[in-house]
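Take a look at the letters that make up each chain.
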Amino acid sequence: MHWKTCVASTLLCLGVQAYASPASDLVRVMGPQGVNLWKLDAQAKSSSTRNLIAQDSQSQQTFNSKSEGGGKNPKTKTKTKTSDFRAQWFRQPLDHFDTKNRHAFYQRYWVNMRHYKPRKGAPVFVLDGGETSGEDRLAFLDTGIMEILARATGGVGVVLEHRYYGESLPVSNLSTDALRFLTNAQSAADSANFMQNIEFDDVLEDLTAPGTPWIYYGGSYAGARAAHMKVLYPDIVWGAIASSAVTHAALENWQYMEIIRTAADPKCSAHLVNTISKIDTILEHGPAFVKKQLKNLFGLGGLEHDEDFASVLESPLGAWQAKCWDPEVGSTAFDDFCEALSSTFGKVQAESLELPFEHPERMVTLDGGFAVDISIINYGKWIKEHVVSRCPDESTTEECFGTFNDDKYLDTGIDQDWRLWLFQVCTEWGYFTTAPPDQNMPRIVSRLMTLGYESKICKQAFPPGIHFTVPSLPNITAVNVLGDFDIAADRLAIIDGEVDPWRPDTPHSDDAEDREDTLLRPFKLIPNGVHHYDEYGLKNLLEEPPEIRKVHAEMITFVVAWLKDWDVAHGVGE
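Residues numbered from 1 in each chain as written. Predicted model: local features only at pLDDT ≥ 70, side-chain atom pairs only at ≥ 80, totals over all residues. Heavy atoms only, no water.

Draft legend 1. Structural view of unusual backbone geometry. With an omega of 5°, the peptide bond running from Ala 209 to Pro 210 counts as cis. In this structure, Asp 202 takes a positive phi of about 60° despite not being glycine. Within the secondary structure, Asp 202 sits in the loop between α5 (184-197) and β5 (214-219). Note on Asp 202: relative accessible area 81%, which makes it exposed. Phi is positive for Ser 220, which is not a glycine, with a value near 70°. One can find Ser 220 in the loop between β5 and α6 (221-232). (Helix = DSSP H or I, 4+ residues; strand = E, 2+ residues; numbered from the N terminus. Buried < 20%, exposed > 50% of the residue type's maximum accessible area, 1.4 Å probe, protein only.)

Rendered as structure tokens:
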């Protein structure tokens, strides 16, 4: 969620979203514990909204709190939030590969026609909405990469919402069977069908592909989709830009945390490594009363399973991904957390913080003579204030943060949108965040974070249906067969961030072969860039940081070159 989309309550935005992530990010990084945090955030938002409704009802008696969900005809859709762009709808078949299946749904999209100059070869840029509501992508249509490229070329910008996300809902529940059409192949076919058949309002020209050059853009999962579209539909997609594109699907995604460990401030990284190592030692070898005292420091003394305790400790780490060069949308949560780890406490003064881990002057003695380093004290304080505090007074710690009760994950209501990306994780993508396979490697997550623990949510949340059964482990071959690290094509640009925790799953991975950066096959790495940094933009490009201004200029250059190639191939200007 971007700050600009947080509208329910100012207090809620500052108190919860500052240290929270979109449902897909929580689930992707934290597995079953991510679902718990999603539920706590949703509960807090619901409570805040009810309070606002009650207050407004008392003063105006006009507030209608009824909400609607599920797949509906667009004529019955509720009004979207205020925007320069009007939501529009395109009819899609539910199943592109079974002609006997007559079910259909409406896919939502938005269009930027500000810069369109009617002519043969005028480009259409489509941004794949990916694993979130398309409304969360409208900033990219307004000042981001869609606006930048459309303005530079006299083209059209489009945001296309992904099936099942936002209001592009083809089903009335999110059961295992209902989700069986949420696949890579079906989603790619949606995009191809849209590009070949869309009729834009108030546009007399035929802008469908392949008679018009379409440039497909995506970031992260959507970046992989952009690359896949160029490979799967080369006759429809003239060019594609894959930003932070996770084209390598993996079962165990331990390198995500390794990027954070090596890229973070060395002092903060050392605190994390030493703290997690000590906590693992206590959990694995300490007596029960010491383990209880340790958990109490984090406000988690009531948690039954050590794995659940260790998984809660991951919660601040994913905030690294929320960094952004644009302070209007970026988060400082990770840096705030690092700063908190170096706070003074009791008799431990500032000068002692520079001493080695577990130096006597850094130790804090607790009841029963149990002593721990100040970093552990500060870590526990942060978790209590920013994570455990989300647990309502009427709930137990186990109810909030335990993950071994299957019943917690069986709600298939349409509002349980954490199920969407998790279903994709469990069926085709993987990316379970685990500890490094080498037990001797420095690490910032517990050794207890195993594939078995992180993936058990798949069986818990998706029991076998009548028509579909989730595999025991995701079929990552379905993704990797499309190119993996080596995915490449003419007019396919690969753009990544140097310190993006997802870089190990992109063609810029250290495990991938290096490539030449050319106009026909751009291959660019943004210095100190995190997640799809090129997708964000300012109205005035000259006000952007140098490295962002540079990559935007280079993107305009290679896109213009691609469009010239299209003109030549289609006899434009002869």
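Once you've had a look at it, read on.
Draft legend 2. Looking closely at the state of the cysteines. Taken as a whole and assessed by the stated rule, the structure comprises 3 disulfides. Sulfur-sulfur distance for the disulfide between Cys 426 and Cys 458 comes to 2.0 Å. Sign of the S-S torsion, about -85° for the bond between Cys 426 and Cys 458, identifies this disulfide as left-handed. Separated by 32 residues along the polypeptide, Cys 426 in helix α14 (residues 418-429) and Cys 458 in helix α15 (residues 451-461) bring together distant segments of the chain. (Disulfide = S-S within 2.5 Å.)

Draft legend 3. Highlighting the nonpolar core. With 128 residues, the main nonpolar core has Ile 241, Phe 298, Ile 383 and Phe 401 as its most contacted residues. Beyond its immediate sequence surroundings of up to four residues, Ile 383 is in contact with Phe 298, Leu 300, Val 312, Leu 313, Ser 315, Pro 316 and Val 388. Counting 34 residues, the second largest nonpolar core, distinct from the first, contains Ile 198, Trp 214, Tyr 216 and Ile 494. (Core = buried A, V, L, I, M, F, W, Y, C linked by side-chain atoms within 4.5 Å. Contact = heavy atoms within 4.5 Å.)

Draft legend 4. The arrangement of the pairing of strand β2 (residues 104-112) in detail. For β2, a buried count of 7 out of 9 residues is recorded, marking the element as mostly surrounded by other parts of the structure. Bridging between strand β1 (residues 88-93) and β2 involves 6 bridges; their strand directions are antiparallel. Bridging across to β2, Pro 93 finds its partner in Ala 104. Both β2 and strand β4 (residues 156-160) contribute to a ladder of 4 bridges, which runs antiparallel. Across the sheet, the residue bridging to Tyr 109 is Leu 160, located in β4. (Pairing = 2+ DSSP bridges.)

Draft legend 5. A look at the packing of aromatic side chains. Counting across every chain of the model gives 22 aromatic pairs. Ring centres of Phe 90 and Phe 194 lie 5.3 Å apart, and the angle between their planes is 80°; this geometry places the pair in the edge-to-face category. Of this pair, Phe 90 sits in strand β1 while Phe 194 sits in helix α5, and the two are 104 residues apart along the sequence. Note on accessibility: Phe 90 and Phe 194 belong to one class, buried. Ring pairing ties together the aromatic residues Phe 298, Phe 309, Trp 320, Phe 334, Phe 337, Tyr 379 and Trp 382, which thus form one cluster. (Phe/Tyr/Trp six-rings, centres within 6.5 Å; stacked < 30°, edge-to-face > 60°.)

Draft legend 6. Region of the structure containing α14. Between its first and last C-alpha, α14 extends 15 Å over 12 residues, near the 16 Å set by a 1.5 Å rise per residue. Burial analysis of α14 places 12 of its 12 residues in the buried class, the great majority of the element. The complete set of buried residues in α14 reads Trp 418, Arg 419, Leu 420, Trp 421, Leu 422, Phe 423, Gln 424, Val 425, Cys 426, Thr 427, Glu 428 and Trp 429. After α14 finishes, the residue Gly 430 shows a positive phi value of roughly 75°. (Expected span 1.5 Å × (residues − 1).)

Draft legend 7. Layout of the sheet that holds strand β12 (residues 523-526). One open sheet accounts for 8 strands, arranged β1-β2-β4-β3-β5-β6-β11-β12; its pairing is mixed. Strands at the two margins of the open sheet, each flanked by one partner only, are β1 and β12. Taken pair by pair, the neighbouring strands of this sheet meet at an average axis angle of 25°, ignoring direction. Pairing of strand β11 (residues 492-497) with β12, which is carried by 4 bridges, proceeds in the parallel orientation. Its bridge partner being in β12, Ile 495 is matched across the sheet by Lys 524. Packing of α5 onto the sheet brings it into contact with β1, β2, β3 (124-128), β4 and β5, and relative to β1 it is tilted by some 120°. α6 rests against β3, β5, β6 (239-243) and β11 of the sheet, and its axis sits at about 150° to β5. (Axes fitted to C-alpha atoms, helices over the stretch in contact; angles between N-to-C directions.)

Draft legend 8. Focus on the pairing of β3. The buried fraction of β3 is high, at 5 of 5 residues. Burial along β3 is two-sided: the residues Val 124, Val 126 and Asp 128 and Phe 125 and Leu 127 are all buried. Relative to β4, β3 runs parallel, the two sharing 5 bridges. Bridge assignment links Phe 125 to a residue of β4, and that residue is Gly 157. Relative to β5, β3 runs parallel, the two being bridged by 4 bridges. Note that in β5 the partner of Val 126 across the bridge is Tyr 216.

Draft legend 9. How the structure looks around the pattern of salt bridges. Counted by the stated rule, this structure contains 25 salt bridges. Here Arg 108 and Glu 135 are joined by a salt bridge, their closest N and O atoms 3.1 Å apart. Separated by 27 residues along the polypeptide, Arg 108 in strand β2 and Glu 135 in the loop between β3 and α3 (138-142) bring together distant segments of the chain. Across the pair, Glu 135 and Arg 108 agree in class, each one buried. Between Lys 539 and Asp 142 there is a salt bridge, and its shortest N-O distance comes to 3.7 Å. A residue pair is termed long-range when its members are at least 10 positions apart, and Lys 539 in the loop between β12 and α17 (546-569) and Asp 142 in helix α3 qualify at 397 residues. Through salt bridges that share partners, Arg 114, Asp 142, Glu 147, Arg 151 and Lys 539 make up one connected network. (Salt bridge = Lys/Arg side-chain N within 4 Å of Asp/Glu carboxyl O.)

Draft legend 10. A look at the packing of helix α11 (residues 333-341) against helix α12 (residues 374-386). α12 packs onto α11 with a crossing angle of 135° between their chain directions and a minimal axis gap of 8 Å. With respect to α12, the element α11 is oriented oblique. Residues Phe 337, Ala 340 and Leu 341 of α11 form the contact with α12, whose own contacting residues are Ser 375, Asn 378, Tyr 379 and Trp 382. In terms of residue class, the contact of α11 with α12 is built from 5 nonpolar, 2 polar and no charged. (Parallel < 35°, antiparallel > 145°, perpendicular 65-115°, else oblique. Nonpolar A, V, L, I, M, F, W, Y, C, P; charged D, E, K, R; others polar.)

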